[in-house]
Amino acid sequence: GGALLGANFPIGKIASGAGVPGLVWAALLSVSAAAILGMWVILRGRRVAVDGQHLRYFAVTALTAYALPNTLVFAAIPHLGSGLTSVFYALSPIVTLAFSALAGLRKPSRLELAGITVGFAGALLVVSGRGEIGRPADLIWLAAGALVPVSLALGNVYRTLDWPDNADPLWLAVGSHVVTGVVLSAIALMLFQPSEIGRVAAVPGAALAQAAASALMLPLFFRLQRVGGPVTLSQIGIVAAAVGVGIGAFVLGERYAAVVWIGVAVIAVGVALTVVARIRDERVRKSEAEPAT
């Protein structure tokens, strides 16, 4: 799931290089994913629910998890590069952990709090690098990128808190992206000329790759949300960041200052601390739950 998510960043850069507006590309992601997965749901005869709880779930998830962060991501990539933009996804586990604690889902341990602090310090280092070498990023785009993990974390926590009873994870993915696709498509039609929207035709390979990556990732994404919870799910952001930075640096030729790479390493340490703390706490919980012999 994380690797497929990480592929969005370099694919998005290819699209932006062809002049495709970020909002249009974000709409394409959701529309194509909803169409592919929707056909699968129909062909397989899966359960389809459209009650009030599902509709609320679709709307809130569409805004927090897809419409806002995807629009920010694809708009920021031309200014920050695919590698640096992807790093903001690595912050989502840390922010998700903080929001989970505030929502009463889990109280972080001292080690987890240490991970949050270290990860935040790494993020400051990445931001201080100001983008690619010879192409410094505007602070406004760095600030926009910083909103991505906040929005993702809100979505992660909300989906756990309001998960509909007996819901099919695949149907939740379809419904959420139907709403996202409709909203973003409507906004794109109001903001852009047909010629600008039509630039998608200049990168058919990237469009197909984006559709495939999204359709393959989403079933994994919602399944992991269900069985692992928001903090576990957010760990795919680490893999996504690694894939995004790697492809950006070694395939697309993006170059970053040493401080950015140091920041990435510090973020990795912070996230690793939260993972170690989670594993340790889970082992303690299981040992306490075992009956005495």
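For the structure itself, consult the block above.
Along every chain, residues carry numbers that run from 1 in the direction the sequence is written. A pLDDT threshold of at least 70 governs which residues receive local features in this predicted model, and a stricter bar of 80 or more applies before side-chain atom pairs are shown or counted, although totals over entire chains, interfaces and linings include all residues. Remark: hydrogens and water are excluded; side-chain values derive from all non-hydrogen atoms of the structure.

A separate point is the packing of helix 4 (residues 52-80) against helix 9 (residues 169-191). To obtain each axis, a line is fitted to C-alpha atoms, and for helices this fit is confined to the stretch in contact; angles are then taken between N-to-C directions over 0 to 180 degrees. Put simply, DSSP marks the helices as runs of H or I at least four residues long and the strands as runs of E at least two long, and each gets a number from the N terminus on. At a minimum axis distance of 8 Å, the contact between helix 4 and helix 9 shows a crossing angle of 60 degrees. Classified by the interaxial angle, the pair formed by helix 4 and helix 9 is oblique. The interaxial crossing formed by helix 4 with helix 9 has right-handed handedness. The segment helix 4 lies against helix 9, with H54, Y57, F58, A59, T61, A62, Y66, A67 and T71 engaging W171, L172, G175, S176, H177, V179, T180 and L184. Note on residue categories: nonpolar means Ala, Val, Leu, Ile, Met, Phe, Trp, Tyr, Cys or Pro, charged means Asp, Glu, Lys or Arg, and polar means any other residue, Gly included. Classifying every residue of the contact of helix 4 with helix 9 gives 10 nonpolar, seven polar and no charged. Convention used here: angles under 35 degrees read as roughly parallel, angles over 145 as roughly antiparallel, angles from 65 to 115 as roughly perpendicular, and any remaining angle as oblique. Crossing handedness is read from the near helix: turned anticlockwise from the far helix by less than a right angle, it gives a left-handed crossing, and turned clockwise, a right-handed one. Note on contacts: a residue pair is in contact if any heavy atoms of the two residues lie within 4.5 Å.

What follows concerns the pattern of salt bridges. A pairing counts as a salt bridge when a side-chain nitrogen of Lys or Arg comes within 4 Å of a carboxyl oxygen of Asp or Glu. Enumeration over the complete set of coordinates arrives at one salt bridge. In this structure, the salt-bridge partner of D162 is R56, at a minimum N-O distance of 2.9 Å. Within this pair, whereas D162 is found in the loop between helix 8 (139-161) and helix 9, its partner R56 is found in helix 4, the two being separated by 106 residues in sequence. A relative accessible area of 41% places R56 in the partly exposed class. Think of it in three bands: with a 1.4 Å probe and only protein chains considered, a residue is buried below 20% of the maximum accessible area for its type, exposed above 50%, and partly exposed in between.

This part is about the packing of helix 4 against helix 8. Two elements in contact, helix 4 and helix 8, have axes separated by 9 Å at closest approach and are oriented at 160 degrees. As the angle between them shows, helix 4 and helix 8 are arranged roughly antiparallel. Judged by the twist between their axes, the crossing of helix 4 over helix 8 is left-handed. Here the residues of the contact of helix 4 with helix 8 are counted per class, giving 18 nonpolar, five polar and two charged.

Right, let's talk about helix 6 (residues 92-102) for a bit. Along helix 6, the positions that sit buried rather than exposed are S92, P93, I94, V95, T96, L97 and S100. Positive phi shows up at G104, right after helix 6, with a value of about 80 degrees.

Ring geometry is summarised as follows: Phe, Tyr and Trp rings, the Trp one being its six-membered ring, pair when their centres sit within 6.5 Å, and such pairs are stacked at plane angles under 30 degrees, edge-to-face over 60 and tilted between the two. Overall, the coordinates contain six aromatic pairs when judged by the stated rule. Between the aromatic rings of Y57 and Y158, the centroid separation amounts to 5.8 Å while the plane-to-plane angle is 35 degrees, which identifies the pairing as tilted. Of the two residues, Y57 sits in helix 4 while Y158 sits in helix 8, which places them 101 residues apart along the sequence. Aromatic pair Y57 and W163: ring centres 6.0 Å apart, planes at 80 degrees, arrangement edge-to-face. Residue Y57 is located in helix 4, and its partner W163 is located in the loop between helix 8 and helix 9; the two are separated by 106 residues in the primary sequence.

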